[in-house]
Each structure stands twice: as structure tokens, then as C-alpha cells.
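Take a look at the letters that make up each chain.
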Number of protein chains: 2
Amino acid sequence: MDRRHFLSVTSLMGAGWVLSPEINRDHYEDSKSGYSLPERAQKLLDAASKPAIKQDVLPLNPVILESVELLKHGRQFLVRVRNNEGAEGIAVSNHLILRYSQSLFVETIAPFFESTDARLVEKTIDDLYRSSYLTPSTYKWQGIQFWSCIASIELAILDLLGKLVEKNITHILGNGRIQEEIGVYRASGNRGNAPEEEVDFFREQVEAIGAKAIKYRLGARMHYTDDSTKRDRALIPLMRESFPDLTLYSDANGSYDIQTAIEMGRLQEEYEYAFFEEPCPFDHYDETRKVTKALDMIVAGGEQEFSMRQFIWQMDHNVIDLVQPDIFYFGGLSRSIRIARAAESIGMTCTPHISGAGLGFLYAVLMAACIPNAGPYHEYKGVDQDLPAESPGISFIPQNGIIRVPSEAGIGVQIDPDFVSAAQHIVK
Amino acid sequence: MDRRHFLSVTSLMGAGWVLSPEINRDHYEDSKSGYSLPERAQKLLDAASKPAIKQDVLPLNPVILESVELLKHGRQFLVRVRNNEGAEGIAVSNHLILRYSQSLFVETIAPFFESTDARLVEKTIDDLYRSSYLTPSTYKWQGIQFWSCIASIELAILDLLGKLVEKNITHILGNGRIQEEIGVYRASGNRGNAPEEEVDFFREQVEAIGAKAIKYRLGARMHYTDDSTKRDRALIPLMRESFPDLTLYSDANGSYDIQTAIEMGRLQEEYEYAFFEEPCPFDHYDETRKVTKALDMIVAGGEQEFSMRQFIWQMDHNVIDLVQPDIFYFGGLSRSIRIARAAESIGMTCTPHISGAGLGFLYAVLMAACIPNAGPYHEYKGVDQDLPAESPGISFIPQNGIIRVPSEAGIGVQIDPDFVSAAQHIVK
């Protein structure tokens, strides 16, 4: 059994195994058929199809998962995995999503991972996605709930693998650990307040963490109104006047049509903004592409993209200039790093998106530390006060706008053992 | 209160209100800006943005929803809605999806519909989709679970509205009731069996229901293998030889790359197949488009499309030739009919997809009866034996390959009252 698993991973490693979204990709390369994809698409697909977990750093012996558990304490959800020798990995999940995904997690997704080799987690995710394990077929469940369950399990597995090889997961992922400190931007969730109130909000926040960059919201979320446009037109210059030395980002959450997006983009260009996130609804590819083409400034997006192939499509067809996979919604660190790697292959920057729940900001820091094309500043929305977790020597409150990258083994976080042992084990 | 609702729906009706995916679409029409969408895209968007519920058939007075309940009996899920005068609508849900979506349904989606006017259900769905009612924002939850909950509620609301005006819902939807009998095709869920076994399966099924059309599976589901290709190459001619007079459809469930899809399509053309469903993975738009362009036969798809805008994009860019929204996965009859209407505007056919759970086949029959561009045959996978439901004068087992369209008020189905009263009411 052990030997078979060992041979299996070894032969996969040797073969340079590839992952979705490609199926039997040799066929794409048959240029005689005339049916191959364009070179740029192929380059992106190639980059995204290589595993993001560094196989040469993994344990030499199989790491067979014996249990995958969902734990709940207050509103927080934890995932704990154990191998058949009692070693343990643990991760904090995204409670906003897991709250409505418990039965999907414990009845279907978690059992699929049991008895698999943790070293092959990327292949296990790929196999699950294309399987008929769920009814209807698993791939039909692709979405925020499915991928957030997967991401939570993958994080716990990475924690386990890191602890087994006594390395922080930044040494296991992507290009390995290439940064020790990550700059953050403070993001605001406000919308509809007066421009002056938003400035006051940021004055306080910027001072508290020494942020060098901020991101605020435009539009009215998936639509705009006369009131929101009036606020937008006032806020864009006012933020620059109020924070002359900061890097400014904006996020329209898909509020605009083409013309209004271009108007707002031009105004941001005048005031030297660094990116403009989701000017049009996330699934309006043609509209967003027109905006991106018309503007000189960077258009960012990808937070709502669940499909690996469509994310690559967006890059290939210049829908967006900067990619923002959400580490939970998109299914975990390895899938997000594969998107970053595809972006890197065509010279694009990646700033992973993360919501404010649990340890999201820290996962973004860990990811940014091991990709060469990370943006200069990453999302920070504050810390959940109800989560007793710490990382030795690391402040979760940024200092001078910086968070140091955890360096302890695994994820590098210690969750209060009393908190964990008092958690409820969610069962079928 | 009543008067305000009445005015509200009246003014909406008068204004010819439009729905997602458009935001402030007037701006798209400003041709001077140079940022409008191409004419074909605009035509599709216009067609999809008109309500699918015939507003002139609705009750004159507000139908305020007092309760939206989820009931469970065995594996079946029912949704029951009541207005503030005690009238009731009920629908059978898709138990395959609801099984893992109960908390999302009862804690979040159902309460959003309470106190709304049932006549404005399309607007309520649109408002919910673009709202921040869920955290993170509702639109981020778009997927099979979110839309199947919505679809189930909409079906119960349509049942209520139909009962109030004493008309079958076919009179309320789309172009109104334009067909009394719907042809079905028998679909097989088999894969991996020997070609001869698949023929035997269909001989029995075709005889049982007098089917004039059948659909079977090719490939290995989201990938292919040497074995599956061998089966495919044998099955395509064998099915035609075995059923010379039947209409033949195939479904690859996204199994192929471009080249293999074209090979299999050419073989089907030789044997006069009528459509080829999902030759490439559902989210491989460029690959599918190349296959569609290369082949003369009809390429069908759309079952996994959750986004209204992307569905229209697929039509606009000729990714597929025939559209197949799933009545549950895509969020209900009104959204599916809006896709059918967009398809009609450019001369495309629509055959809604439906899984084998609950009364799905009957919802497909009802939809086909009120759209002018319905295909000749619609999906039939057999009847759930554990669901005591009947429609007066209608056999749920097709006769001569035909199911008659229910004509009683509402959905036109009576569920055994003992079954309903013995069901468990799922609460928060």
C-alpha cells in the first residue's frame, strides 16, 4: 500500500503531471489539424496546468489522510486533518461561506479526501472536480460553496505537509519563499456615506496601521444611481487631495456600464490611481474588455471567477490587466497560485482577493510571499476579534503598512488549544 | 400598503421594466460614445431583459407572500408559499441539490421573499441577486445551490399565481400556451457499458414509452480515454443502425478536446444525428466555438451556465447552436424562458435541460409548451417512484413518445395531501 502510493507520486512527479483545465492537451498541439489554440492561450494554459506545490520539498513517504474534520466554535469554522500516524494540520476557514455549506462539507467533500495521499492534494482536487462523486456530477457544483470547502481542506493539508517537513508552507508553494514582508492596503467596505466621512474613516485607519495604500468603493454595487455617481465624482479627486502620498485603488463591485466606467476611469487616471477593480459586472466580459481597452490605467478583476479556464480566458482576451483570485472562492492556494503563474507568463500582476473572515488576510500574505508577480500591496480588512490565533513574532496588526510573513512550520499559526478543544465537531 | 403595491406593479408594467443582466442600458445605446455593444449582442440582451411572466394575466391586486416554507418527506423536498389571504402554491424541488442547500434556503433565501408581491417575483429575484442581502454579496453565491433554491420558490409562486387567476402557468408564461402535447426523448445516464448493452437498454426504453428520439452519452465525462473513444466510435454507427427511424442526440458531458470533438461530430454527421451536446468542457468557450464552427451539425449546450450575461455571450459569439438552460440550475422558469426568448431573437432553438429528480420532466414540458422555439423533443429520464403526484388526465409515462401538457390551474399537479402533511417542515 505505502509502496504503491510512493510509486504513484514518484511516477506522477517524473511525468511532470498536468492539471485541469486541460484534457489530453497533446491534441491541442497538433498544428496540422488547424484546431490548436492560439499561442498566447496555450502559454497561459501551460503555465496554469503545472502543480503549484513544490514536489521536491514534500515528505518522501505517503501522507495518507485518516480524517478530515469540520469544527465550529462560535461563528468560526476550523478544518482539522490527521494522517494515519497521528500528525495533524489545522486551518481556519471562511465562516461567511461555511455557515451555509456544512452539509456539503461533511457529507460529501471531506469524505472524498479521506485515504488520499496529502502530497497529491492538487491531483485529488482535480479528480474530485471532474468526477461523478456528487450527483449531479461534481463539476456542476463549481461555485463559492464548493470551492470554499475545498480551499479550507487544502489549507489544513498544507499545514500538515509543512509540519511534517518542518517548513513554513511558503517553502512548499509557488516559487518558494521569496519575500519576508508584505505590504498591505486598507480596504473599506463603506458605500453610500458622504465623501468627507469616507476620508475621515481612512485617516483613522491609515494612522492605525501605517498603510501606504488604500482601496475604497465606487458605484452602488452591480448598478449605479444618480446619488452614487455624484459621490463617485466627488470622492475620486477628494481622496487624492486628502492622501497625496498614498497608492490609491478603487473597487466598483461591477457597478457600471461601459460609458460610466470609462468616465470614472479617466477621472482616476487624472488623479493617478493605481488600479480600478471590477468596473463592470464580473460576468460582463465584453463590456469590461472595452473599458480595459479604452483606459490607460490598470483594470483589476477575477474575484468572482470560479472556473480555471474562464480565468485564463479573461487573461488571454485582455478582459482584465491584473488578476485577483479569491483564495477561498477559487478553491485554495494551489489553484490561486496557478492563476498567478499564468499571469506571470504574460507579464501580469496578481493580488489575491480575500474577504475579511478568519485568517484570510494571512493566507493572502503567505501567497504573496511565494509568487514573483505579487502586487506591492495586499488586501487587509482587519482581524476577527473572536479568533484566538497568533503567529510567533508576527503582529497581525500591520506596522508601517507591513505584515511579516509567518515562518513557523505549516501555516505558521497557533490557535489556542482550548478554543480548538471546545469546538463542536460537525458530523453528518 | 395594498395600494402602494398595486401602484408599484402598475407603474412597473407601464414602464416595460427590464431585468438583469443589464444595468442602466440606455447608456449602451449612446452610439456617439463609440462604446455601445454590437447590434447582435444588444438584440439578445433586449430579448433577455423583458419579463417572462405575462403581466396582463396576473391578479389585479397585490399577492403578498406571508410564508415560504421548505418541506421534506423522505428524500423529496417541497416548497410551499402562502399569501396573506391563505391561498397556497406548492412545488416539488430538485432533491439532489436541496439536500445540501437547506440552510441556505431557510436561513437566507426564503426570508427574502416573505412580504414581497408574488406578481413581481422576477423583479424580486433580480433585486436579491444584486443585493448585499447575503454576505459576501449575494451575486457571489451564483451557482447550482443558490439558483436551485430560487427556482424552487419561483415554481411555488407560479403555482400560487396560476391558482389565483384559475389558469395553468402555461397561460402566464412566455408566449402563453401554444402547445398541448410535447414530444420527449429518452435520455440514458449510462457510460462505460458495451455498445450492445446500450442498444439493449434503449430497445426496452423506446418500446416502453414509444419514444421517437433518444440521447446517449459519449466520452468519459470531462475527459476521454482510449476505452471511451473505442466505445464512442462503435456506438455512433451502431445506434443509427439499431434505430434507423429515431432522432438521435448525443451528450459528451464536456469530454473532448477540439480535435476529438470534431472527429466524433463528423461521424455523427455521417449518421445523421440531430444534435451533439457539450462536446468540450462547459467552460471552454474558445474550444467549443471552434468545434461548432468546424461542424455542420448542431452543437448544444448551456446546462452549466449560471450567468445570464454569459449565456447570452455564448449565443452572441456562436459558441453553441442550441441552448439548454437547466430550469433549476439556472434559477427557474422565468430566467430560462428569457434565455429561450433571446435564442428566438436570433433563430436558435431551446430545449431546457432538467435532471431526473422530482417533477423536473414536467416543468420542462410546461416550459416547452409556452415558447415558440422549443425543440421537437424534450428530456425525459423517468419518474421518481417515491413522489405521489398526479395531474388530472395526464400520464407521466409518455404515450407514443408524447406527454400532454397539464391544464389545471397553477402547475396543474396534485400532490397527495397525506404526503404533504406528513412532511417535515425544515426550520432555521
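Residues numbered from 1 in each chain as written. Chains lettered and ligands numbered in written order. Predicted model: local features only at pLDDT ≥ 70, side-chain atom pairs only at ≥ 80, totals over all residues. Heavy atoms only, no water.

Undergrad: Explanation requested: the sheet that holds strand β15 (residues 424–426) of chain A in the structure shown.
TA: Residue and element names in this part refer to chain A. The strand order across the open sheet built from four strands is β3-β2-β1-β15, with neighbouring strands paired in antiparallel fashion. Since the sheet does not close on itself, it has two edges, and those belong to β3 (88–92) and β15, each with one partner. The mean inter-strand angle of the sheet, taken between neighbouring strand axes irrespective of direction, is 30°. Here five bridges tie strand β2 (residues 76–83) to β3, and the two strands are oriented antiparallel to one another. Paired with R82 across the bridge in β3 is E88. Relative to β3, helix α6 (residues 144–165) is tilted by about 140°, and along the sheet it contacts β1 (65–73), β2 and β3. (Pairing = 2+ DSSP bridges. Helix = DSSP H or I, 4+ residues; strand = E, 2+ residues; numbered from the N terminus. Axes fitted to C-alpha atoms, helices over the stretch in contact; angles between N-to-C directions. Contact = heavy atoms within 4.5 Å.)

Undergrad: Would you take a moment to explain the interface of chain B and chain A for this structure?
TA: Buried accessible area, meaning the area lost when the parts come together, often serves as the stated size of an interface. In this assembly, 65 residues from chain B lie in contact with 65 residues from chain A. Both sides of the chain B and chain A interface together cover about 6000 Å² of buried area, and 55% of this is carbon and sulfur. Summed over the shared surface of chain B and chain A, the number is four salt bridges. Of the charged contacts in the structure, one is a salt bridge between A:E303 and B:K140, with a shortest N-O distance of 2.4 Å. On inspection of chain B and its partner chain A, the count reaches 16 residue pairs in polar contact (both at pLDDT 80 or more). Broken down by secondary-structure element, the contributors of at least two residues to the side of chain B that touches chain A are α3 (95–98), α4 (102–113), α5 (121–130), α6 (144–165), α9 (258–270), α10 (285–294) and α11 (308–316) of chain B. Looking at which element gives the most residues to the side of chain B that touches chain A, the answer is α10(B), with five residues. Counted by class, the side of chain B that touches chain A contains 27 nonpolar, 23 polar and 15 charged residues. (Buried area = accessible area lost by both parts, 1.4 Å probe. Salt bridge = Lys/Arg side-chain N within 4 Å of Asp/Glu carboxyl O. Polar contact = N/O pair within 3.5 Å; in protein donor to acceptor, adjacent residues only side chain to side chain. Nonpolar A, V, L, I, M, F, W, Y, C, P; charged D, E, K, R; others polar.)

Undergrad: Sorry, what's going on with helix α13 (residues 360–368) of chain B here?
TA: The α-helix winds at 3.6 residues per turn, so residues separated by three or four positions along the chain end up facing the same way. In terms of burial, α13(B) is largely enclosed, as nine of its nine residues are buried. The set of residues buried in α13(B) consists of B:G360, B:F361, B:L362, B:Y363, B:A364, B:V365, B:L366, B:M367 and B:A368. (Buried < 20%, exposed > 50% of the residue type's maximum accessible area, 1.4 Å probe, protein only.)

Undergrad: I would appreciate a short explanation of the packing of aromatic side chains in the present structure.
TA: Two aromatic rings are characterised by how far apart their centres lie and by the angle between their planes. Tallied over the full model, the rule gives 39 aromatic pairs over all chains. Here the aromatic rings of A:Y100 and B:W141 are separated by 5.6 Å at their centres, their planes lie at 70°, and the arrangement is edge-to-face. Of this pair, A:Y100 sits in the loop between α3 (95–98) and α4 (102–113) while B:W141 is found in the loop between α5 and α6, placing the two residues in two different chains. There is no split in this pair, since A:Y100 and B:W141 are both buried. Joined through ring pairs, the aromatic side chains of A:Y129, A:Y139, A:F146, A:W147 and B:F282 make up one cluster. Between A:R335 and the ring centre of A:F330, over which it is positioned, the NZ or CZ distance is 4.3 Å. Directly above the aromatic system of B:F243 lies the positively charged group of B:R203, at a separation of 5.5 Å from the ring centroid. (Phe/Tyr/Trp six-rings, centres within 6.5 Å; stacked < 30°, edge-to-face > 60°. Lys NZ or Arg CZ within 6 Å of the ring centre and 35° of its normal.)

Undergrad: Looking at this structure, how should I read the environment of B:A368?
TA: Considering the arrangement of structural elements, one finds B:A368 in helix α13. Expressed as a C-alpha distance, the spacing of B:A368 and B:P352, which sit 16 residues apart in the sequence, is 7.7 Å.

Undergrad: I keep staring at α4(A) and nothing clicks. Help me out?
TA: When the terminal C-alpha atoms of α4(A) are compared, their 16 Å separation across twelve residues agrees well with the 16 Å that a helix rising 1.5 Å per residue should span. Burial in α4(A) covers these residues: A:L104, A:F105, A:V106, A:T108, A:I109, A:A110, A:F112 and A:F113. (Expected span 1.5 Å × (residues − 1).)

Undergrad: Please explain the pairing of strand β6 (residues 247–251) of chain A as it appears in this structure.
TA: Residues in a regular strand point their side chains to alternate faces of the sheet. All names here are of chain A. Within β6, four of the five residues are buried, leaving the element largely enclosed by the surrounding structure. Two strands pair when backbone bridges link them, and strand β5 (residues 213–217) and β6 are joined in this way by five bridges, in the parallel orientation. When the sheet's bridge partners are listed, Y216 is paired in β6 with S250. The parallel pair β5 and β6, bridged by helix α8 (residues 226–242), forms a crossover whose chirality is right-handed. (Right-handed = clockwise from strand over helix to strand, strands pointing away.)

Undergrad: Help me understand the sheet that holds strand β2 (residues 76–83) of chain B in this model?
TA: Whether parallel or antiparallel, the strands of a sheet pair through hydrogen bonds between backbone atoms. Residues and elements named next belong to chain B. Taken in spatial order, the four strands of this open sheet run β3-β2-β1-β15, and their pairing is antiparallel. In this open sheet, the two edge strands, each paired with only one partner strand, are β3 (88–92) and β15 (424–426). The mean angle between the axes of side-by-side strands here comes to 30°, regardless of whether they run parallel or antiparallel. Here strand β1 (residues 65–73) runs beside β2; their pairing, made up of eight bridges, is antiparallel. Bridge pairing in β2 links L65 to N83.

Undergrad: Mind showing me how you'd approach the relation of the copies chain B and chain A here?
TA: A rotation about an axis combined with a shift along that same axis relates the two copies of the chain. For the pair chain B and chain A, the best superposition has an RMSD of 0.0 Å and corresponds to a rotation of 180° with a translation of 0.0 Å parallel to the axis. Each copy turns onto its partner about a two-fold axis. Among all C-alpha atoms of chain B, that of B:G143 lies closest to the rotation axis, at 2.7 Å. Mapped onto chain A, 100% of the interface residues of chain B again fall at the interface, so both copies present the same surface. (Least-squares fit on C-alpha atoms with pLDDT ≥ 70 in both.)

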